[in-house]
Every structure is written in C-alpha cells, then in structure tokens.
Amino acid sequence: MRTTRSVPARPVLITALALALATAGSLLLTPGAAGADPRPVTREGSAVDDRAAQAPASATRRALTADVSTGTTTRAYPRRLVLSPDPENPGDASLKLGLTPYHAIAPKLNALQRLGDRVSVEVTGRSAGGHRLYLVTVTAPETLRQARAQERMRELIRDAPATAAKSLEIKRAYKTPVFVNNNIHGNEWEGTDASLKTIERLATAKDAKTRDLLAHSRLYFNITANPDGRIAGTRANANGFDLNRDFVTASQPETRAMRQIELGTQPAVLLDLHGYVNGTLIEPTTPPHGENYEYDLFLKNTYANALGMESAVNALGYTPAKDGVEAAQIPFRDQEEGWDDWPPIFTPQYAAFHGTVAAHTVEIPLAVNNEEYEELPVPELRRRSAINTAVAGAAIGATLTHVREHRGTLITDQIEVFRRGATGAAQVPVSAKTVPGVPGIGPEDVYTTRFPRAYVIPPGGARTQRSAPAATRLVDHLIANDVHVTRATRPFRLAGRTYPGGSYVVDMHQPKRGMANVLLSDGRDISGKVSVMYDISGWSLGRLWGATVERVPSGSLRGAPLRAIGEAAPVARVPAHGDLSLPLTDPREVAALNSLLRQGVPVRRAADGGVVVPASARREARAAARTHDVSFTATRQTGSAPLHRLRIAAAVTPGELFALREMDFDVTPVSTAVLNAGFDWSGTDVLFVSAGLEHEDLTAPARRALDAFLDGHGLVGRGATGAALNAAAGRLAVKPVAGNADANGVVKVTNTGGITRSAPDHGFVYAPLWFTDPGPDVRVEQSYAAGNPLVSGHWRPLRDGTGGPAAAAGQASVVSGNHTVLFGTEPLFRDHPKGEFPQVARALFTVAHSASVKESG
C-alpha cells in the first residue's frame, strides 16, 4: 500500500479564527474542532496495477453499448415507478455485514414510494454486470408546471448566469439540488444503507425544518453506484474498473449514468460516501488543488460544510477507547499533502466543473472490507458496519442542515462559477482575504490557470494527416460532458492562422470553460509542488486521444463562420471504385479491421502502416465504416502479407483488457493461476503480458507449455511484468530500467519505427520503464524525448537521483525484435489514452504475422 508521511496539522491562527467568527453566519464555524489523525493517510491502491483482468467479454460489451437516456421530458413529482424484484442472492456480500443486499433494494424503494408523496424512483441505466442503477429523488410535490419552471431556472443559471444572478424567481423559488452518491466502490457499502435510512426519515417527517428543506431543495440519492461490486464485495465493477477513476474517460455505463445525473440535476452540493479512514476523512483536501475550477468558491463552501459534518460525526459520541473510532479530520486543515483534489477523475472533482460548489469525498471510519471482511468475526463486522452507517448518516444529515440554512449562498456561488466562465473572467486566487473564515490558507494552496480564448480541433483526414475518427470522438466526448462546441462552415482565420472548413471550435467564453480546459489542455508538471500524489497527475485528451488540438491564446471569434452543434459530423466513407485503404491510426479503425477479418475478408498490410481491402469486399467495408465511423480511401497499393484474425491470450489489467476488446480483438484473459491449471495454447496466436503472470511462479508443466508456445509465437509485453517474462524467455536482449514507481503523466516521445508509425508524439506513463543496452537485433520503436520528457504530471527522481525524467530522456520507451515488442509506456491505461491504442494493435499484428519484427519498418 502506498502511504504519505504523517504531517502536523496546519496551524489554526488566532486572526483567522477571529475573522471566521465574524462571518459565522455563513461558515458555520464550531468550537473544539478535532485535530489530525496522527497516522498517515493510506492510499486506495498500489502504484502499479498488477492485477490480471478477469472480466467476461459480455460485461465489456455491455459497458461499450450501455448508456443512459438523455431525454429531457419534464415530469411532475412524485414519479411513481414500481420496480420488479430481483432474484434473492444468498451470496450477496452485504449480508455478512448486516447491510442491505442488492436484491432487497427494489422492494425497499417500492415501500418508500408508498410512504407518501415525497419519494420518486427512476432507473438511470444498468451496470456493466447488468444490474439496475437507481436514482431516488426526495422533494416536496411539484405539478408539471412547477417542474418545468425548475428546469427553466436551472438552465438559466447555467446558460445565462448574469440574468440568473438578478432573478427574483430563482432567489425565491429555485430548489437547491443536492446529490448523494453511494457505494461507488463496491466494497465500501454503508453509504447505501445510510441513504435508505435518510430517505425513509424524510419521507414521513412532519417537522417544520424537514418541510422547509423539501420545499426549497431537491435531494438526489444514487442508491448504489456500483451494484456489481456491492454484490461481489469488490472495489471494482464487473469489468474490473475503479469507477472513481473513470470520470475523464467515462468508459463504463455506471460512470456515464453518474455523469448524466450531474448534468441533469446540476447539484450545488455533492457527497460521495466512501470508506475506510479512521478517523472519518471529510473533504476539502490537501494541495495540489485543481487549477481549472473556481477554487475560491469551492473551498469556501466545501470547508464550511465540512465543519458541520465534522461536528455531527463527533457528536455521535464514538471514542477510540470505547469504539475504536478516532475523531473526524479535514485534510485541508489537518494534513500537509497526500490527499489532493488535482485530477478530475474523482466524483467531487468532476462535479466541480458542473457547478457544484460544495463537494466532498467522505471516508467513513471502520474497515470491514478486504482482510477484515475475511478475518473478523461476523458480530464485529456488523458492529463496525452499524457505526459506519451512523457516521455516513450524520454526514448526510449535517449536509442537509447546511443546505437548508445556506441555500441562497450556494446557488449564488454556483451562478458565479458559470458567470466567470461565460464572460471569460479571471479566476480568484485563494487567500485569507478572498476566502475569509478558512484558516491556514498559504501559497501552497494557490493554483490557477490562464484559459485560452479558444481551442480549434481540425477535422482530421488526409488534409491534416491526423485521424478523423479521433476528432469526432473527442468532439462527441466534449459535448457529452456539456461543453459547447461549434463547427466552421467554411475556412476562417483566427489569431493570424487559417483553419479549414469543418474545423471544430471550442469558445472558452462559456459556462463550463473549466470542463473544456481540464480535458483539452496539456496540464502542468507539478513534480516540484508536492512529494507524492494520490493518483494520476496528467490526463490530457488534447495530447493522448489522437486528434489535433490547437490552443488559441487570444483573439476574437466575432464574425467567424461558426454554428453550434449537438454532435460531430460523421466521417464514414467508402469510395465507389477500386481497392480500399484503411489507416490504423485510431482504435475505431482497428475495430473496423478486426470486424472485416472476422468475416474472412482477405486484408493485406500496406507499406504506409495501414491495410488494403479488396474491391470485392466493398459491401463489408461499407458496413464497417458505418458501424465504426471510419473512412476508407481508394488505393492502388496491392499490399504485402495477408492478415488473419488474432486470438490473444492476455495477462493484463482490466483497463487493458477493456481497450483490447474495444478494438474488437478476440481476447482470452490468463494469469499465473490459469496457466498452472492447464491452459490450452493451441488456439492462441500471440501472448500479451503486463500483469498477473510471473514466470517463476509457474509449475514445471505450465512453464514448459508456455516456453513451447513462445518458441513459435509472438510476445507483447508492457511494464516490469512484461519485461521480466521477456528476460525469462530469452527473447529481446535489452536491459529494462524502472523509473520512480510513483511517477505518472503525459510525456513527449519520438517515434522511429513501424509499430509507432503515425502515433502521437506524446504518450502516457505510470511507473515508467525504459530500455538500455540493446542487442544487435533490437529495434527502437519509440524513445522518451530529450531534455525533460514530462509535459504534465508528477515524476521525481528517487532519493539517490535515479529514476527521474532526466534519466529517461532519450532512452528507448518501446523496442522490438525476435517476434517481441516491449512497452515501457502505458498505451492502454484505464482505457484512456485512445491515440496510443493503435501502437498495441500494430504490435500484436506484427509479432503474430512477421518472421521478424524488423520487417515492420
């Protein structure tokens, strides 16, 4: 497990307290705040993901195709939905803890709806494993006219914030949206049960405060964001994905459902209930802070609500001596570093870009998962779960109190977030003056950025030498994240440059400029800011998704021939005559190729790195172009070696498995255990190894079978595990050098080989690796750029000075030879760096089809 060092609490200055007391009406300061947990903060996962993926192909297909409805039909409240029951599952992991099993949720929600007219239930989609995702809304009844008025006011806040700021109707009648997200990690259960208890109380409470809350708020509860994991007792969903790392990519149906809830409800306040940190950890976090959102407004409201939650949790009366429960902690105040809010992959950080001004990860205290779940007696597990449920309930209750007492400030600040974006206003750096009442703000907390005037995304294709499918994918992803995109109806000039007609333009004077910038910008090298990061530190879609993204720092869009769009223009095209060429520069093109090979189409490799499809397969090509939205061109090339559909054995991470199947490869997951059980290699063409397969742990028969397979077949390896198998099998004569295992980010690379032909000049690393001392038959396909290759992220040398970006500069990052390709980068990481995927596809085809990888160049 990765940990940060213990650090002293930040000093609570007398002057800050005096100022805070002067503004107590808006900040809810309470005396006697709890001190820091003296133990270090524990990270949620290891630096290197070495789990072998086991997700079934059916789950991957569901995640690729499943989505939630984006319809905007307004309905009154309550919205009655009678849920059919799920089959009883005695193996549901929740049962051991005395918590609500998934199969009991539907009957429970039916019963809650019958309690009165305040509770509504909707199904927002299905999980990767096929389970229903439930959203519960609790609010005072609304007529259809009232519901439409709420929708109109919500849109006014987002799209016309200057007008909304002056609206008396909004001040008087708009219902503050609150989103409580539960169980995003499947083996962190208790938020679900706390929410069910809260809903039941709100459904029937007659007191004036509850009536006032529901008359002026809509409370949205995502009952279980990860039913697959809840049932199985796993952190991940059925595809093996940590959903709280997926918001930038949105590869999973559960993530897309949560995204749609946030877009549709526009919450001002969000709780994301997790476990387990003792004492209860309540956001806001330590530095570094996300530079793209309006952190002054975020910190002001998040810290104020955190104080209320801290007070409520501590008021439960649990103690270390009696219950094993430490006092609650607020990392911003109580820790120096190690629990940051830098990347937008976490639920609260993602929500901030959609106008959420108070957003919290809350880590409830007592561990009941993993080793504790297996080893502790049931009575102790249930005691802990009961305490955790009470703590989660206290956090929810305190938040609802805060919303009831401060709804005006919350909505005013949400409007201000959108106003700054729409007008291009500068961000406001945090300080004791700009965020009064928050103690301990220092220069280490100041993170701002300069937004460009616009981004331009050329349409791609032959004219720009970049992937047209990549441009359409990126544009559609921006639109799915509620970023406004326009398209040029003809060529135009901007800031002294001419752009072709069809180019996409993202005007950065828009309400959600932060969302646009966090996705498209390069990011920042923050290696010098903190010693360690909680998770990834770089993620740029502009650099990693394969499209050309041009930053326009200044200029005017006035008069530009731009029209707003709701989706990217399709690129599917097949010429009417001649043989066809298909490039392999995008995962959609690889998927199209694999679909043709599946049908037995005689495809040949082309000299330019693409493939040649015969004119006789035009019908199949047209179907593939429509399905995958790719473009074929006419060609006079005849092609060289024929390709056949590959059967891949893969000891890889869940994200890599998902990416391979996204490209429509036929993949069978393997691992050390699978091979030791007796794996039949006869149907396999190539082995891809990055995780979960250790040569020294194989039984003698399994090792002999693997060695026999490798004697005549290809190997693709990634990272330390792939390099170790290469060494054990005596394939490529190279020396792998491991960089700092804590490092990650976007790096600049130089492509020199056939495997990396037409690849972007940027890659992604996570625990980077490089290769030295190459033998005579080793080809360098790609190298880290000279100087400092890190563009954005966090990559420091180790204490002895080794393992840093300077040591990697100029060194080989991808090498090939002898039916083998080795990657030191992470081209398939969490299904994210889409522009890097084709490197792996080419590697697989090359080692499976070539007598020597050197021929690929």
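Sequence order sets the numbering: in each chain, residues are counted from 1 along the sequence as written. Reporting in this predicted model follows two pLDDT cut-offs: at least 70 for local features of residues, and 80 or more for side-chain atom pairs to be given and counted; totals over whole chains, interfaces and linings ignore these cut-offs and use all residues. Neither water nor hydrogens contribute to the side-chain values; these are computed over all heavy atoms in the structure.

Colleague: Give a detailed account of the overall build of the protein chain, specifying residues and quantitative values.
Modeller: Helix and strand labels come from DSSP, where a helix needs a run of H or I of at least four residues and a strand needs a run of E of at least two; each type is numbered from the N terminus. Check the secondary structure of the protein chain and you find 28 helices and 32 strands. The C-alpha radius of gyration of the protein chain comes to 27 Å, within 12% of the 29 Å expected for a compact globule of 857 residues. Expressed along its principal axes, the backbone C-alpha trace of the protein chain runs to roughly 80 × 70 × 55 Å. Burial classes follow relative accessibility: with a 1.4 Å probe on protein chains only, a residue under 20% of its type's maximum area counts as buried, one over 50% as exposed, and anything between as partly exposed. In the protein chain, buried positions account for 61% of the 857 residues. Note that the radius of gyration is over C-alpha atoms, with the globule rule given as 2.2 Å times the number of residues to the power 0.38.

Colleague: With reference to specific residues and values, describe the environment of Leu-214.
Modeller: Examined against the element boundaries, Leu-214 turns out to sit in helix H9 (residues 208–215). Between the C-alpha atoms of Leu-214 and Arg-404, which are 190 residues apart in sequence, the distance is 8.8 Å. For Leu-214, the contacting residues outside a window of four places in its chain are Arg-118, Val-138, Thr-139, Ala-140, Lys-175, Leu-202 and Leu-219. Here a residue-residue contact requires only that any non-hydrogen atoms of the pair lie within 4.5 Å.

Colleague: Go over the side chain of Glu-363, please, and point to the residues and values.
Modeller: For Glu-363, the location among the structural elements is in strand E9 (residues 358–364). Residues counted as positive are Lys and Arg, residues counted as negative are Asp and Glu, and His and the chain ends are not counted. Salt bridges are counted wherever a side-chain nitrogen of Lys or Arg sits within 4 Å of a carboxyl oxygen of Asp or Glu. Lacking a salt bridge, the buried Glu-363 has Arg-235 as its closest oppositely charged neighbour, with an N-O distance of 7.0 Å. Within the structure, the side chain of Glu-363 is placed 3.2 Å from the backbone nitrogen of Gly-275, a separation counted as a polar contact. The term polar contact refers here to a pair of N or O atoms within 3.5 Å; inside protein, the definition further demands a hydrogen-donor-capable atom paired with an acceptor-capable atom, and it admits residues adjacent in sequence only when both atoms are side-chain atoms.

Colleague: So what's going on with the pattern of salt bridges? Residues and values would help.
Modeller: Considering all chains together, one arrives at 44 salt bridges under this definition. Where Glu-294 meets Arg-420, a salt bridge forms, and the shortest distance between an N and an O atom there is 3.0 Å. On the criterion of sequence distance, the pair formed by Glu-294 in the loop between strand E7 (286–289) and helix H12 (295–314) and Arg-420 in helix H17 (residues 378–423) is long-range, its members being 126 residues apart. By the burial criterion, Glu-294 is buried, and Arg-420 matches it. Taking the shortest distance from any N to any O, the salt bridge between Lys-322 and Asp-323 comes out at 2.7 Å.

Colleague: With reference to specific residues and values, describe helix H22 (residues 618–628).
Modeller: Looking only at H22, the buried set comprises Arg-618, Glu-620, Ala-621, Ala-624, Ala-625 and His-628. Along the axis of H22, the buried positions cluster into a sector of 155°, meaning they face one direction only. Structural note: H22 exposes Arg-619, Arg-626 and Thr-627 on the side pointing more than 90 degrees away from its buried face. Buried-residue contacts for H22 involve strand E17 (579–582) and helix H21 (587–598). Following H22 by one or two positions, Asp-629 adopts a phi angle in the positive range, close to 55°. Starting at the helix axis, one direction is taken to each C-beta atom, and the arc is that of these directions.

Colleague: Explain the packing of H12 against H17 to me, and be specific about the residues and the numbers.
Modeller: Contact geometry of H12 with H17 gives a least axis separation of 8 Å together with a crossing angle of 170°. By the criterion of interaxial angle, the relationship of H12 to H17 is roughly antiparallel. Regarding H12 and H17, the two cross each other, and that crossing is right-handed. Every residue of H17 that contacts H12 at Asp-296, Leu-297, Lys-300, Asn-301, Ala-304, Asn-305, Gly-308, Met-309, Ala-312 and Val-313 is listed here: Val-391, Ala-394, Ala-395, Ala-398, Thr-399, His-402, Thr-409, Leu-410, Asp-413, Glu-416, Val-417 and Arg-420. A breakdown of the residues in the contact of H12 with H17 according to their chemical character gives 11 nonpolar, 6 polar and 5 charged. Note on definitions: angles span 0 to 180 degrees between N-to-C directions of axes, and those axes are lines fitted to C-alpha atoms, for helices only across the stretch in contact. Orientation categories follow fixed angle ranges, with anything under 35 degrees roughly parallel, anything over 145 roughly antiparallel, 65 to 115 roughly perpendicular, and all other angles oblique. Throughout, a crossing is termed right-handed when the near helix is turned clockwise from the far one, and left-handed when it is turned anticlockwise from it by less than a right angle. Amino acid classes used here: Ala, Val, Leu, Ile, Met, Phe, Trp, Tyr, Cys and Pro are nonpolar; Asp, Glu, Lys and Arg are charged; the rest, including Gly, are polar.

Colleague: Just give me the short version of the packing of aromatic side chains, but keep the residues and values in it.
Modeller: Stacked, tilted and edge-to-face pairs are distinguished by plane angle, under 30 degrees for stacked and over 60 for edge-to-face with tilted covering the rest, among Phe, Tyr and Trp rings (Trp via its six-membered ring) whose centres lie within 6.5 Å. For the structure shown, the criterion picks out 22 aromatic pairs. Note on Tyr-295 and Phe-298: the rings are 6.1 Å apart at their centroids and 25° apart in plane angle, and the pair reads as stacked. Of this pair, Tyr-295 and Phe-298 are both found in helix H12, 3 residues apart, which corresponds to roughly one turn of the helix. On the basis of relative accessibility, which here comes to 4%, the residue Tyr-295 falls in the buried class. Between Tyr-303 and Phe-332 the ring centres are 6.3 Å apart and the planes differ by 70°, which places this aromatic pair in the edge-to-face class. Of the two residues, Tyr-303 is situated in helix H12 and Phe-332 in helix H14 (residues 331–334); the sequence distance between them amounts to 29 residues. The same class applies to Tyr-303 as to Phe-332, namely buried. Taken together, Tyr-293, Tyr-295, Phe-298 and Phe-353 form an aromatic cluster joined through their ring pairs.

Colleague: Can you tell me about the packing of H21 against helix H28 (residues 837–849), naming the residues and giving the values?
Modeller: Angle between the axes and distance between the axes: these two values describe a pair of packed helices. Contact geometry for H21 and H28: axes closest at 8 Å, N-to-C directions at 35°. Only Phe-837, Pro-838, Ala-841 and Phe-845 of H28 make contact with H21, whose side of the interface consists of Pro-587, Val-590, Leu-593, Asn-594 and Leu-597. Residues that form the contact of H21 with H28 fall into these classes: 8 nonpolar, 1 polar and no charged.

Colleague: Go over the confidence of the model for the protein chain with me, naming the residues and quoting the values.
Modeller: The pLDDT value tells you how sure the predictor is about a given residue, anywhere from 0 up to 100. Of the residues in the protein chain, 92% reach a pLDDT of 70 or more, and the chain-wide mean stands at 92. The low-confidence segment residues 1–45, where pLDDT is below 50, has 107 contacts with residues more than four positions distant or belonging to other chains. Residue range residues 851–857 is modelled with pLDDT below 50. Its contacts to residues more than four positions away, or to other chains, number 21 contacts.

Colleague: Go over the sheet that holds strand E16 (residues 562–564), please, and point to the residues and values.
Modeller: One open sheet holds the 5 strands; their spatial order is E15-E10-E14-E11-E16, and the pairing between them is antiparallel. Only two strands of the sheet have a single neighbouring strand rather than two, namely strand E15 (550–552) and E16. Neighbour to neighbour, the strand axes of the sheet diverge by 30° on average, direction disregarded. Criterion used throughout: strands pair if DSSP finds at least two bridges between them. Of the strand pairs in this sheet, strand E10 (residues 454–457) and strand E14 (residues 504–507) are connected by 4 bridges, and their pairing is antiparallel. Within E14, the position partnered with Ile-457 by the bridge is Tyr-504. The strands touched by helix H18 (residues 468–480) are E10 and E14; relative to E10, the strand with the most contacts, the crossing angle is about 145°.

Colleague: Please set out the nonpolar core residue by residue, giving values where relevant.
Modeller: Leu-109 and Phe-221 are the most contacted members of the largest nonpolar core, which has 142 residues in total. Examining the composition of this core, we find that 15 residues originate from one element, H17, more than from any other. Excluding its chain neighbours within four sequence positions, the residues that come into contact with Leu-109 are Leu-83, Val-121, Tyr-134, Val-136, Leu-196 and Ile-223. The term nonpolar core refers to a set of buried residues drawn from Ala, Val, Leu, Ile, Met, Phe, Trp, Tyr and Cys, joined through side-chain atoms within 4.5 Å. Counting 47 residues, the second-largest nonpolar core is a separate cluster that includes Ala-53, Val-590, Leu-596 and Val-611.

Colleague: So, the environment of Arg-218: which residues are in play, and what are the values?
Modeller: With respect to the element layout, Arg-218 can be found in strand E4 (residues 217–222). Each C-alpha atom, one on Arg-218 and one on Phe-179, is 8.6 Å from the other, the two residues being 39 residues apart in sequence. Beyond its immediate chain neighbours, meaning those up to four positions away, Arg-218 contacts Tyr-77, Val-138, Thr-139, Glu-142, Ala-147, Gln-150, Arg-154, Lys-175, Thr-176, Pro-177 and Val-178. Within the structure, the side chain of Arg-218 is placed 2.6 Å from the side chain of Glu-142, a separation counted as a polar contact.

Colleague: Please set out the sheet that holds strand E2 (residues 132–138) residue by residue, giving values where relevant.
Modeller: Ordered in space as E1-E2-E4-E3-E5-E9-E6, the 7 strands form an open sheet in which the pairing is mixed. Of all the strands in the sheet, the pair left with one neighbour each is strand E1 (119–126) and strand E6 (281–282). As paired elements, E1 and E2 share 7 bridges and run antiparallel to each other. Bridge pairing in E2 places Ser-120 opposite Thr-137. This element, H9, spans E2 and E4 of the sheet and lies at about 85° to E4.

Colleague: Tell me about helix H26 (residues 719–729), and name the residues and values.
Modeller: Among the residues of H26, Gly-719, Thr-721, Gly-722, Ala-723, Leu-725 and Asn-726 are the ones counted as buried. Where H26 is buried, its residues touch strand E23 (686–689), helix H25 (700–710), strand E24 (714–718), strand E25 (735–738), strand E28 (769–772) and strand E32 (820–823). Looking one or two residues beyond H26, the residue adopting positive phi is Gly-730, at roughly 65°.

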